[in-house]
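As a plain string of letters, each chain reads:
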Amino acid sequence: MENIIVLDFGGQYSQLIARRIRELRVYSELLPYNTSVEEIKAKNPSGIIFSGSPASISSRNKNEKKLNTFEKEFNAKNAPEVLPEILKLGIPVLGICYGMQLIAHLLGGNVSGTGSNEFGKTEIDLVTSSPLFKNLKQTEICWMSHRDSVTEVPNRFKVIASTPALPIAGIENRSSRIYGIQFHPEVIHTPSGTEILKNFLFNICECTPSWTMVSIIESQISEIKNSVKDGNVICALSGGVDSTVAALLVHKAVGKKLTCIFVDHGLLRFGENEQVETTFRKNFKINFIHVKAKERFLSKLKAVDDPEEKRKIIGNEFIRVFEEQAGKIKDVEYLVQGTLYSDVIESGTGVAAKIKSHHNVGGLPADMNIKLIEPLRQLFKDEVRKLGIELGLSEEIVRRQPFPGPGLAIRIIGEVTEERLEILKMADKIVLEEIKRANLYDKIWQSFAVLPAIKSVGVMGDERTYAYPVVIRAVNSEDAMTADWVRLPYEVMERLSNRIINEVNGVNRVVYDISSKPPSTIEWE
Ligand code: XMP
């Protein structure tokens with residue numbers, strides 16, 4: 001399969017580059033910058049992209065005493081490099097921002113902090129005869145975000161872009177097919193950015209736009225068939241889009257060998273366990289087991305308030321339940337999980353900092369004796385939804401808002417008790433009802449309630465109350481990597497507040513979370 005490797009130097013837009021390429025129907029994978037040359041060669045990429053980075057090449061070369069605080073911070077990050085051999089493989093390379101500076105630095109050019117920093121929308125002059133800028137105008141708008149600049153191009157490189165403040169804003173060595181641009185083509189603020197990426201993919205790397213949902217289905221089915229020989233397979237089914245799509249894919253490959261196991265850990269939304277069972281049994285002819293394990297999970301979570309520990313406990317217990325079920329089914333060799341690319345990235349790739357251990361990635365026990373099949377591991381959520389449609393899933397399932405594997409446990413701050421679980425379930429039920437009633441469910445990425453571990457004073461029926469607040473969270477997102485809080489209509493907020501305080505015992509206050517991601521995350525834990 002044709003693929004473009006994005007080497008991740010820790011830049012904030014690295015995943016976005018991979019997404020944009022996939023949108024152009026070429027498969028793209030994000031790998032840590034220190035991936036070995038052998039590993040890169042083995043993947044036989046059609047092209048390589050060096051991402052941006054918060055690090056600085058120039059501050060490494062300066063006298064430590066002369067650095068300002070910002071530069072010292074950069075310096076401490078130890079500007080990551082790749083081996084220059086990557087540039088000699090004969091594979092086309094595009095360096096973006098730090099990536100371009102790195103190319104210049106590795107090939108004998110010069111990079112320095114000239115003081116001509118540029119941030120934001122900038123007018124840029126392009127040499128339109130460059131294959132990278134085919135079909136572009138001589139002057140375009142681009143998105144800049146840099147402190148260092150290339151001040152001297154390497155031998156046999158030409159300047160192909162410049163701005164008033166930055167004489168070297170793009171470089172090329174056409175015969176070696178190595179290109180660099182200081183600006184970011186992957187963000188929407190560079191209106192012709194997609195055109196530039198297209199030029200790199202289709203003119204320079206000579207890719208064909210053939211990565212489609214049908215091709216993913218075919219390649220996954222054949223991969224699964226190759227791995228699963230005679231043994232049986234179980235699937236961790238949560239009823240959400242991801243695990244349902246994963247189950248359908250695996251079912252297509254192995255048929256009756258697959259058994260889906262739905263674990264009710266008692267941390268699901270109100271009425272969700274019955275709903276999942278009914279939907280699944282009605283729509284699919286796949287072996288299905290419903291394991292009721294609420295007491296088991298809650299007793300393990302007793303007195304635990306650390307979010308990472310909750311995730312690990314739930315992840316471990318999940319696997320233990322599956323192992324037990326597997327023991328009953330005989331010859332089970334594999335467990336299917338609906339792990340997504342964003343779970344993998346956020347659980348830490350070595351470059352991107354670890355934000356949280358998503359229970360299905362970082363929470364797996366080391367001594368687990370079952371092999372994993374994760375057919376969606378390379379896909380973003382919106383891609384999984386498209387795949388679901390292609391596999392014939394109903395809109396109702398495909399459009400379901402994401403719900404985290406550890407469930408309400410990570411929306412109850414502090415200890416998970418029966419009493420607090422009941423409060424959150426009832427408040428969350430009202431949130432969903434009102435969001436649906438306002439016709440907002442399909443327009444919102446996720447909307448839910450959170451129960452903090454604090455109480456506040458209120459007055460109800462002339463009596464003083466001392467009870468929990470409920471936090472309402474509603475966010476929009478493209479792929480869960482970034483998110484913005486939803487501007488809910490005031491009438492909806494008012495109804496939510498009235499209903500939750502009146503209908504849920506133990507709550508006397510409702511607040512709305514107005515934080516985006518970053519700097520916050522979608523879930524509270
Ligand atoms: P955060 O809170 O990291 O969430 O911004 C990003 C997306 O991931 C979901 N999420 C999880 N999903 N296991 C999951 O299966 C987890 O441990 C987990 N933590 C967060 C979250 O609901 C959002 O869609």
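Residues numbered from 1 in each chain as written. Predicted model: local features only at pLDDT ≥ 70, side-chain atom pairs only at ≥ 80, totals over all residues. Heavy atoms only, no water.

### A few points about the overall build of the protein chain
Next, step 1: If you tally the helices and strands in the protein chain, you get 16 helices and 21 strands.
Next, step 2: What you see for the protein chain is a C-alpha radius of gyration of 26 Å, in line with the 24 Å of a compact globule of 525 residues.
Next, step 3: Principal-axis analysis of the C-alpha atoms gives the protein chain an extent of 75 × 65 × 40 Å.
Next, step 4: Here the analysis covers contacts within the protein chain between residues at least 6 apart in sequence; of these, 73% occur between residues at least 24 apart. (Helix = DSSP H or I, 4+ residues; strand = E, 2+ residues; numbered from the N terminus. Rg over C-alpha atoms; globule rule 2.2 N^0.38 Å. Contact = heavy atoms within 4.5 Å.)

### Considering the sheet that holds strand 16 (residues 371-373)
Next, step 1: Pairing within the open sheet is parallel, and its 5 strands lie in the order 14-13-12-15-16. Looking at the sheet topology across the chains shown, the edges are occupied by strand 14 (287-292) and strand 16. Across the sheet, the mean angle separating the axes of adjacent strands is 30° when strand polarity is ignored.
Next, step 2: Packed on one face of the sheet, helix 8 (residues 241-254) meets strand 12 (232-237), strand 13 (258-264), strand 15 (332-336) and strand 16 and runs near 165° to strand 12. (Pairing = 2+ DSSP bridges. Axes fitted to C-alpha atoms, helices over the stretch in contact; angles between N-to-C directions.)

### A look at the pattern of salt bridges
Next, step 1: In total, this model carries 29 salt bridges according to the counting rule given.
Next, step 2: Between Asp-242 and Lys-381 there is a salt bridge; the shortest N-O distance is 3.0 Å. Highlighted residues: Asp-242 in helix 8 and Lys-381 in helix 13 (residues 381-390), separated in sequence by 139 residues.
Next, step 3: Here Asp-242 falls in the buried class, since its relative accessible area comes to 15%.
Next, step 4: The partner of Arg-495 in a salt bridge is Glu-434, and the shortest N-O contact between them spans 2.8 Å. Residue Arg-495 is found in helix 16 (residues 490-503), and its partner Glu-434 is found in helix 15 (residues 418-437); the two are separated by 61 residues along the sequence.
Next, step 5: Glu-434 sits in the buried class, given a relative accessible area of 2%. (Salt bridge = Lys/Arg side-chain N within 4 Å of Asp/Glu carboxyl O. Buried < 20%, exposed > 50% of the residue type's maximum accessible area, 1.4 Å probe, protein only.)

### A short note on the pairing of strand 11 (residues 178-181)
Next, step 1: Side chains Ile-178 and Gly-180 project from strand 11 onto one buried face, and the interleaved Tyr-179 and Ile-181 project onto a second face that is buried too.
Next, step 2: Pairing of strand 4 (residues 93-96) with strand 11 involves 4 bridges; the strand directions are parallel. Each residue of the ladder has a partner; that of Gly-95, found in strand 11, is Gly-180.
Next, step 3: Of the strand pairs in this sheet, strand 10 (residues 166-173) and strand 11 are connected by 4 bridges, and their pairing is antiparallel. Looking across to strand 11, one finds that Ile-171 is bridged to Gly-180.
Next, step 4: Linking strand 10 back to strand 11 in an antiparallel pair, the connection comprises 4 residues, with Arg-177 at a positive phi of about 55°.

### Side note on the packing of helix 7 (residues 213-227) against helix 13
For any two helices packed against each other, the geometry comes down to the angle between their axes and how far apart the axes lie.
Next, step 1: It is at 10 Å that the axes of helix 7 and helix 13 come closest, and there the two elements cross at 80°. In terms of orientation, helix 7 lies roughly perpendicular with respect to helix 13. Residue-level inspection shows Met-213, Val-214, Ile-216 and Ile-217 of helix 7 in contact with helix 13, the latter providing Glu-383, Lys-386, Leu-387 and Glu-390.
Next, step 2: In terms of residue class, the contact of helix 7 with helix 13 is made up of 5 nonpolar, no polar and 3 charged. (Parallel < 35°, antiparallel > 145°, perpendicular 65-115°, else oblique. Nonpolar A, V, L, I, M, F, W, Y, C, P; charged D, E, K, R; others polar.)

### Remarks on the domain arrangement of the protein chain
Interfaces are often sized by the accessible area lost when the parts come together.
Next, step 1: Domain boundaries in the protein chain define domain 1 (3-204), domain 2 (215-398) and domain 3 (417-512).
Next, step 2: For domain 1 versus domain 3, the separation of C-alpha centres amounts to 44 Å. (Domains from an automatic or database assignment.)

### Some words on the sheet that holds strand 1 (residues 3-8)
Next, step 1: Pairing is mixed across the open sheet formed by 9 strands, whose spatial order is 2-1-3-4-11-10-9-6-7. Because the sheet does not close on itself, it has two edges, and the strands there are strand 2 (27-32) and strand 7 (139-146). On average, adjacent strands in this sheet sit at an angle of 25° to one another, irrespective of strand direction.
Next, step 2: Relative to the sheet, helix 5 (residues 98-106) contacts strand 3 (47-50), strand 4, strand 7, strand 10 and strand 11, its axis offset from that of strand 4 by approximately 120°.

### What to know about the pairing of strand 6 (residues 118-126)
Next, step 1: Across 8 bridges, the pairing between strand 6 and strand 7 is antiparallel. When the sheet's bridge partners are listed, Phe-119 is paired in strand 7 with Ser-145.

### Let's talk about the environment of Leu-201
Next, step 1: With respect to the helices, strands and loops of the structure, Leu-201 is situated in helix 6 (residues 193-204).
Next, step 2: Look at Leu-201 and you get buried, because its relative accessible area is 1%.
Next, step 3: Remark: the alpha-carbon pair of Leu-201 and Leu-24, spanning 177 residues in sequence, is separated by 8.7 Å.
Next, step 4: Apart from the residues within four sequence positions on either side, Leu-201 is in contact with Ile-4, Ile-21, Leu-24, Val-26, Glu-206 and Cys-207.

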